[in-house]
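# Architecture at a glance
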Amino acid sequence: MELQNAVKQALNALYHHPDDAVHIEADRWLQEFQRTLDAWQVADNLLHDVSSNQETLIFCSQTLRSKVQRDFEELPPEAFCPLRDSLTTLLKTFHTGPPKVRTQISLAVAALAVHVSTKDWGDGGIVNWLRDQMKSHPECIPSFLELLKVLPEEVFNYKIAVRPDRRRQFEKELTFAVEAALDILTACGKFVELKEQVLEAFASWLRLRPRIPTAVLVSHPLVLTALSSLNSDILSEASVNVISELIHYTSSKRSSCISEQMPLIQVIVPQVMNLKEQLKDPSKDEEDVKAIARLFADMGDSYVELIANGSDESMLIVYALLEVASHQEYDIACMTFNFWHNLQTILIERHSYTSFGDESSIEAERNRRILIFQSSYESLVSLVSSRVQYPEDYGVLTTEDQKDFKQTRYDVADVLIDAAVVLGGEATLKILYMKFGEAVARSQNEESSRWQPAEAALYCIRAISDYVSFTEAEFLPQIMSLLPTLPRQHQLLTTVCLTIGAYSKWINASPGGFTTFLPSLIEILVSGMSVSEDSAAAAALAFRHICNDCGKRLSGSLDGLFHIYQRAVTGEGSFKVSAEDSLHLVEALSVVITELPPEHAKRALEMLCLPAANSLQEIINQGPLILGQVNARDVTVHIDRLANIFRYASHPEAVADTIQRIWPIFKAIFDTRAWDTRTMESLCRACKNAVRTSRRFMGVTIGAMLEEIQGLYTQHHQPCFLYLSSEVIKIFGSDQSCADYLKILIESLFSQTTHLLTKIEEFTSRPDIADDCFLLASRCIRYCPQLFFPSPIFPSLVDCSMVGITVQHREASNSILTFLSDICDLSNSGHGEQYLSIRDGVMVPRGACITRILLASLTGALPPSRIESVIYTLVALTRAYKSSALEWAKIAVSLIPLSAVKEVERSSFIQALSDLASGANINALTIPIEELAEVCRRNRTVQEIVQGALKPLEIRS
């Protein structure tokens, strides 16, 4: 009674106390209460208490539902009958009570049915039990119908803490009970007031995909009721749900082959087709139109393979889907987009035609089908292209609405690509060009200065750029000649710039594209840099594409390009190019320089680096104090430009020479700002790119660079120093002349890191260091095993990994798991064989402990999203050490009490590992391992028992 009063008081405080701190404390107390054993009885008592208010009833019904789902194992076996009877009484009590309470109690009974086998419910299981309850208490039928509806839904509710084998058994039990369930629903369906509820329950049972004979469904009263409801004045959502499920049912892989489902399909399709006219009926409620459109979309998605044959009957569905696509409401029109994509895939991909035999027959059939659907895709292009037009009030739309509009444009672009794949880029371009030409003509008319239609057409033209031939000579020349005539409205100009960039390959390849159009197009791009930030970003991106694709032909125009670059990076004049977007220009000129001969590239590279290098030198010249205090962005903006130059200017010697000349600048920044993570990451990225491009031309600079980061890591422990070292190891790891230096480097870095990461809390607080440390270690295994395995740091690093496996940070945990699997996979490496004895000397004594920690990670120490990575590492360990690994696994799994894991589950786990150790396919044998993870995670109590037994944070066996 004291607890009941405490619950009431806490709920009153939660909902009605004016102090937020009291709310938080009440909420915390109630959550803790729900986890107690007393919660069962208290919640049940309060639900039966007629004085309980609605807040109490809702909380207690949720508590009881949650307890049945997650904590049923807390109860002794003999508690089932009293619990079932109590819940049944509550269902009857609340058959006219608060719907939320009734739903929670229904879910609790359904969860109980998942836990308890059929025989415990009496002859025929829970469905027959339900039927008997309905007969005994006809006034409570609505309550029991709700339970009948949620029963099949709970098959796939993984909040219910049952073992996988019991979940599968429950699904079988319900499948066997389908006939009885449909009989109950048929009987209840005779009452008009129950029809909606009956149909919802019927749809729920159809989602189970039970193997009901087609002959039964074709004439089943429930199917006929749903079909007849489609034609009623008030379209029933429940009937739409039923028909939708029937459509999915007839095409499901779990049902019999599609030809056997044809009698039912031939009943459904005409009934849905009869609704086509209602799509255009202005008197219809929008929700009804959505429901009808959904049925057409479901038919298209489910029967797309039949439709792809191009029969007269299937084309009627296609025409209906075009009607849906033409609807003024985008939410309705877009329901068909998935169908057009899937149809395109079937029409184009060769595997759709394998039954036609030889290549000529396949090609003939493909051409026949494409010809049939050609006009439909042409219509689709015209329909969807109007969806991307900027609304007149775009400027005053909310941020969320603007985001939705942009997503609409992305979706339409995907549909246009699907159409271009079927029709060909040129045919699609022709349709869009006609719209563009008309829009330009209208916009130049004094009576209409609207820019939106031209922008929309141009956006669509840009979307299909990858599918238009580089030699297209009919429409693109006309489009390019029109671009300079368009007004410089900033959204239109942004799209113009992006379109120029999208067709950069055409500009380079077309006989007249480069000489005829490029000068005027460059002028547009320069203009774009001055109008708005968006148009400047688009122009910079377009410059990058132009230079990437026309680099060889632009090498004679470097002076003009440098002038544009200079204005952009220095902020001269009216240019609005952001620091981030200026990197596109850096890349653009770097690519052009790549096309120069070496003797010219060196000088050009100096000019390209000069603005950034001079800006950094100016800051350095102000002294260490200023350099140390300046905002990181004021430094990194210039370093990032140099990083991009080193990345994209593919002249190794020229880049090596440049990095050598500016190394004093980099060293000054390293020495003064090594504490600043942002600056160090930017600087290390620049050094990494220089190393990647210059490789062995780096000469003495690489030594100075590594000496710098080795010394600074001791003081500042910046993770990016480890990342830069990884790049050096990748390139120079196998170089014998670098062996002594690299050995000192990695031993120093790893020694520092292992002293930093001695317990899980340190991994948690410094996950980036852990991530980059073990990425570097994996690189060492691949590129310099001769330095890594004989090193005294190898055992320490393995010990360190064992401490950190269970760090919750995803990247850090994955890097550690990858490091361990790389060690285990060493025999697969071409140079790994000679180090196996050293590896085994370290791994074998630790094998049992590593296995236990991996098992703990699998069963709850790491999140479910990490299970796949843990399994791979466990399999790698098992394959490397075979019988020894199996013994380690047996010892580890035996630590888990039988109250949490059954012997059969242990055995299945060990057998799967044994099969995997023998080289069996990993994809076919992970189910028993995944199911052990599921069993051990099924609720918090079990998970705590398992983790308490496996003790993942103890690195001693």
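Each chain has its residues counted from 1, running along the sequence as written. Two thresholds apply to this predicted model, a pLDDT of at least 70 for residue-level local features and 80 or more for giving and counting side-chain atom pairs, whereas whole-chain, interface and lining totals are computed over all residues. Side-chain numbers come from the whole structure's heavy atoms, not from hydrogens or water.

## So, the overall build of the protein chain
Across its full length, the protein chain carries 50 helices and 0 strands. With respect to the principal axes defined by its C-alpha atoms, the protein chain has extents near 95 × 80 × 70 Å. Counting over 957 residues, the protein chain shows a buried share of 54%. Whether two residues are in contact is decided by their heavy atoms: any pair within 4.5 Å suffices. Partitioning the contacts of the protein chain with sequence separation of at least 6, the portion at a separation of at least 24 is 73%. In short, Shrake-Rupley with a 1.4 Å probe defines the accessible areas, and a residue's cover is counted only from the protein chains shown. Accessible surface for the protein chain amounts to roughly 41,100 Å². Of this, 52% is attributable to carbon and sulfur atoms. Only DSSP runs of H or I with at least four residues qualify as helices, and only runs of E with at least two residues qualify as strands; both kinds are numbered from the N terminus onward. Exposed residues in this analysis have more than 50% of their type's maximum accessible area, buried residues have under 20%, and partly exposed residues fall in between, with area computed by a 1.4 Å probe over protein chains only.

## Quick look at the packing of helix H46 (residues 867–894) against helix H47 (residues 903–917)
Here an axis means a line fitted to C-alpha atoms, over the contact stretch when the element is a helix, while the angle between two N-to-C directions is reported on a 0 to 180 degree scale. At a minimum axis separation of 9 Å, H46 and H47 run at an interaxial angle of 160°. The angle between H46 and H47 places the two elements in the roughly antiparallel class. The handedness of the crossing between H46 and H47 is left-handed. When H46 is examined against H47, the residues Leu874, Val875, Thr878, Arg879, Lys882, Leu886, Ala889, Lys890, Val893 and Ser894 are found in contact with a partner set consisting of Arg906, Phe909, Ile910, Leu913, Ser914, Leu916 and Ala917. Partitioned by chemical class, the residues of the contact of H46 with H47 number 10 nonpolar, 3 polar and 4 charged. To sort the angles, those under 35 degrees are grouped as roughly parallel, those over 145 as roughly antiparallel, those from 65 to 115 as roughly perpendicular, and the leftovers as oblique. Rotating anticlockwise by less than a right angle from the far helix to the near helix defines a left-handed crossing, while the corresponding clockwise rotation defines a right-handed one. When residues are grouped by polarity, Ala, Val, Leu, Ile, Met, Phe, Trp, Tyr, Cys and Pro land in nonpolar, Asp, Glu, Lys and Arg in charged, and all others, Gly among them, in polar.

## Topic: the nonpolar core
In these notes, a set of buried Ala, Val, Leu, Ile, Met, Phe, Trp, Tyr and Cys residues joined through side-chain atoms within 4.5 Å is what counts as a nonpolar core. Judged by nonpolar contacts, the single largest core of 342 residues is most densely connected at Leu483, Phe666 and Phe909. In terms of residues, this core owes the most to one element, H46, which gives 14 residues. Residues in contact with Leu483, not counting those within four places in the same chain, are Phe436, Leu458, Arg488, Val496, Ile500, Leu521 and Ile524.

## Focus: unusual backbone geometry
The backbone phi angle of Arg695 is positive, close to 50°, even though this residue is not glycine. Within the fold, Arg695 resides in the loop between helix H36 (677–694) and helix H37 (700–716). According to the relative accessible area criterion, Arg695 is partly exposed, its value standing at 42%. In this structure, Lys951 is a non-glycine residue whose phi angle is positive, near 45°.

## Concerning the state of the cysteines
Note on disulfides: each one is a pair of cysteine sulfur atoms within 2.5 Å. On inspection of all chains with the given rule, the structure shows 0 disulfides. A disulfide-free cysteine, Cys334 has its sulfur positioned 16 Å from the sulfur of Cys460, the nearest such atom. We note that Cys720 lacks a disulfide partner, and the nearest cysteine sulfur, in Cys684, lies 3.7 Å from it.

## Notes on the packing of helix H43 (residues 793–804) against helix H44 (residues 810–824)
Packing of H43 against H44 leaves a shortest axis separation of 10 Å and a crossing angle of 135°. The angle between H43 and H44 falls in the class oblique. Crossing of H43 against H44: the hand is left-handed. For the pair H43 and H44, the contacting residues are Phe794, Leu797, Val798, Ser801 and Gly804 in the first and Ile816, Phe819, Leu820 and Ile823 in the second. Taken together, the residues of the contact of H43 with H44 sort by class into 7 nonpolar, 2 polar and no charged.

## Quick notes on the side chain of Gln261
Tracing the backbone shows Gln261 in the loop between helix H14 (237–251) and helix H15 (262–273). Judged by its relative accessible area of 2%, Gln261 falls in the buried class. Polar contacts involving the side chain of Gln261 include one to the side chain of Thr214, which spans 3.3 Å. For the purposes of these results, a polar contact is taken to be a pair of N or O atoms within 3.5 Å, where, inside protein, one atom must be able to donate a hydrogen and its partner to accept one; residues adjacent in sequence count only when each atom of the pair is a side-chain atom.

## A short note on a negative patch on the surface
Taken together, Glu196, Glu237, Asp285, Glu286, Glu287, Glu329, Asp331, Asp393, Glu400, Asp401 and Asp404 make up a surface patch of like negative charges. Counting only elements with at least two residues in the negative patch, the list comes to helix H16 (286–302) and helix H22 (399–423). Sorting elements by how many residues they give to the negative patch places H22 first, with 3 residues. Distance thresholds for patches are 9 Å for like charges and 5 Å for nonpolar side chains (Val, Leu, Ile, Met, Phe, Trp, Tyr), applied to residues having over 30% relative accessible area and no salt bridge. For this analysis, a salt bridge means a side-chain nitrogen from Lys or Arg found within 4 Å of a carboxyl oxygen belonging to Asp or Glu. Residues scored as positive are Lys and Arg, those scored as negative are Asp and Glu, and His as well as the terminal groups of each chain are ignored. Think of each charge as sitting on NZ of Lys, CZ of Arg, CG of Asp or CD of Glu.

## Comments concerning the packing of aromatic side chains
Think of it this way: a Phe, Tyr or Trp ring, Trp meaning its six-membered ring, pairs with another when their centres are within 6.5 Å, and the plane angle makes it stacked under 30 degrees, edge-to-face over 60, tilted otherwise. Evaluated as defined, the whole model comprises 25 aromatic pairs. With a centroid separation of 5.6 Å and an interplanar angle of 50°, the aromatic rings of Tyr881 and Trp888 are classed as tilted. Of the two residues, Tyr881 and Trp888, both sit in the buried class. The rings of Phe750, Phe774, Phe788, Phe789, Phe794, Phe819 and Tyr835 are connected pair by pair, giving a single aromatic cluster. Put simply, a charge is over a ring when the Lys NZ or the Arg CZ is close to the ring centre, within 6 Å, and near the line of the ring normal, within 35 degrees. When the ring centre of Tyr158 is taken as origin, the NZ or CZ atom of Arg167, which lies over that ring, is 4.3 Å away. When the ring centre of Tyr459 is taken as origin, the NZ or CZ atom of Arg409, which lies over that ring, is 4.0 Å away.

## A word on the environment of Asp288
Turning to its location among the elements, Asp288 is positioned in helix H16. Judged by its relative accessible area of 15%, Asp288 falls in the buried class. Between the C-alpha atoms of Asp288 and Ala473, which are 185 residues apart in sequence, the distance is 48 Å.

## Re empty space enclosed by the protein
Grid points spaced at 1 Å over the protein atoms alone were grouped into cavities, where a 1.4 Å probe fits but cannot get out, and pockets, open sets with protein on both sides within 12 Å along at least five of seven lines, with lining residues defined by an atom within 4 Å of a point. Grid points are joined across faces, edges and corners, and a volume is the space filled by probe spheres set on the points. Overall, the coordinates contain 1 cavity of 30 Å³ or more when judged by the stated rule. The calculated volume of the largest cavity comes to roughly 30 Å³. Forming the boundary of the largest cavity are Leu483, Leu486, Pro487, Arg488, Leu492, Leu493, Val496 and Ile524. Partitioned by chemical class, the residues of the lining of the largest cavity number 7 nonpolar, no polar and 1 charged.

## Things to note about helix H18 (residues 312–325)
Each helix should span, by expectation, one fewer than its residue count multiplied by 1.5 Å. The first and last C-alpha atoms of H18 sit 20 Å apart over 14 residues, in line with the 20 Å expected at 1.5 Å per residue. Inspection of H18 places Ser314, Met315, Ile317, Val318, Ala320, Leu321, Leu322, Val324 and Ala325 among the buried residues, and these make up the whole buried set. Next to the buried residues of H18 lie H15, H16, helix H17 (304–307), helix H19 (330–333), helix H20 (337–348) and helix H21 (359–385).

## Overview of the pattern of salt bridges
In total, this model carries 50 salt bridges according to the counting rule given. Between Glu153 and Arg207 there is a salt bridge, with the nearest N and O atoms lying 3.9 Å from each other. Highlighted residues: Glu153 in helix H8 (residues 141–153) and Arg207 in the loop between helix H11 (195–206) and helix H12 (214–218), separated in sequence by 54 residues. Among the residues examined, Glu153 registers a relative accessible area of 29% and is labelled partly exposed. Between Asp799 and Arg846 there is a salt bridge whose closest N-O contact spans 2.6 Å.

## Regarding the environment of Arg839
Tracing the sequence through the fold places Arg839 in helix H45 (residues 836–861). On the basis of relative accessibility, which here comes to 4%, the residue Arg839 falls in the buried class. Measuring from C-alpha to C-alpha, the distance between Arg839 and Gln622 comes to 53 Å, with 217 residues separating the pair along the chain. Residue contacts for Arg839: discarding those within four places in its chain leaves Phe789, Phe794, Ile823, Cys824, Leu826, Ser827, Ala880 and Tyr881.

## Considerations on the environment of Ala588
Here Ala588 lies in helix H31 (residues 579–594). Here Ala588 falls in the buried class, since its relative accessible area comes to 1%. For the pair Ala588 and Val942, spaced 354 residues apart in sequence, the C-alpha separation works out to 59 Å. Sequence-distant contacts of Ala588, that is, excluding residues within four places in its chain, are made with Phe543, Arg544 and Cys547.

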